[in-house]
Amino acid sequence: MIFVGEGALLRRAVTHAAGHGHRVDLVCSADPLDAAAADAPHLVAADVNAHADTLSRAGTDGIVWSLNNRQIFREPLLRAEGLRIVNIHNGLLPRHRGLPSVAVLFALLNGDTEYGATAHEVDAGIDTGPVLAERRFPIGPEDRYHQVMLRGIRACQALFEQILPVVAAGTDHPEPVAAAEPSAYYGLRALDRLHTYRDHPAYPRATDLGPFAAHAPEVTRALLRPPAPASPS
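> Run through the packing of helix α3 (residues 100-109) against helix α4 (residues 145-169), naming residues and quoting values.
Taken N-terminus to C-terminus, the directions of α3 and α4 make an angle of 125 degrees; their axes are 10 Å apart at the nearest point. Taken together, the axes of α3 and α4 lie oblique to each other. Relative to α4, α3 is oriented so that their crossing is right-handed. Across from Pro100, Ser101, Val104, Leu105 and Leu108 in α3, the residues of α4 making contact are Tyr145, Val148 and Met149. Classifying every residue of the contact of α3 with α4 by side-chain character gives seven nonpolar, one polar and no charged.

> Provide a residue-level description of the sheet that holds strand β8 (residues 131-138), including the pertinent values.
Strand order in the open sheet formed by seven strands is β3-β2-β1-β4-β5-β7-β8, and the pairing between neighbours is mixed. Each edge of the open sheet is held by one strand with a lone partner, namely β3 (42-43) and β8. Pairing analysis gives four bridges linking strand β1 (residues 2-5) to strand β4 (residues 63-67), with the strands arranged parallel. Looking at the pairing, Val4 lines up with Ser66 of β4.

> Break down unusual backbone geometry for me, citing the residues and quoting the values.
Between Glu75 and Pro76 the backbone carries a cis peptide bond, its omega angle lying at 5 degrees. Looking at the secondary structure, you find Pro76 in the loop between β4 and β5 (84-90). The backbone of Asp39 shows a phi angle near 50 degrees, a positive value even though the residue is not glycine. Residue placement: Asp39 occurs in the loop between β2 (26-28) and β3. A relative accessible area of 72% places Asp39 in the exposed class. For Asn68, which is not a glycine, the phi torsion comes out positive at approximately 50 degrees. Take Asn68: it is sitting in the loop between β4 and β5. A residue is classified by how much of its surface remains accessible, and Asn68, at 42% relative accessible area, is partly exposed.

Definitions and cut-offs
- Residues numbered from 1 in each chain as written.
- Predicted model: local features only at pLDDT ≥ 70, side-chain atom pairs only at ≥ 80, totals over all residues.
- Heavy atoms only, no water.
- Axes fitted to C-alpha atoms, helices over the stretch in contact; angles between N-to-C directions.
- Helix = DSSP H or I, 4+ residues; strand = E, 2+ residues; numbered from the N terminus.
- Parallel < 35°, antiparallel > 145°, perpendicular 65-115°, else oblique.
- Left-handed = near helix turned anticlockwise from the far one by under 90°.
- Contact = heavy atoms within 4.5 Å.
- Nonpolar A, V, L, I, M, F, W, Y, C, P; charged D, E, K, R; others polar.
- Pairing = 2+ DSSP bridges.
- Buried < 20%, exposed > 50% of the residue type's maximum accessible area, 1.4 Å probe, protein only.

Written out as structure tokens, the structure is:
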């Protein structure tokens, strides 16, 4: 197995996989310590797509896990022979595509009553591949950004541990997604309209980043922007 991503979520997944007897062939991240628990090779890759040949040669089972990963998989990695990429996404798909740091914010502003984590195959789109499994939890009327984000991270870890054995065995199957499920994408451009929500009743709790302020700099910067000047009448 190959792991691509960053942070504690990636490191816990690598540790869990190795501890349950799965061979970790390579860890692609910024921190070599992410590979230490599995005694695995480590690769620092600013663009993992530029290392498609390395990943193809390293993988012994063809499985590539993406966890807390901001890189977008593109050619030639997507067409690398023998590789299957599975992403653990912080958010419910297709409702919360894009950056989790932005999706959580708008989930609260939009009045969503559920959030969660999704495991899906990676294709040429962004968070558009077939869904393999998900874990949902309710969003309460008083829940704040940092609470939902933390529960989302925990859901990602639990979902990875749940789906790991079936992906490794090749017995998982895509779950059908209801046709009525809305699709939305939350990237950096979505933050350009954040100022229009300043009077929204959910704005205080939707923007209460708490300890995640340091991990969501794009949201922090958007919150510090001065309101856009009013258009002349």
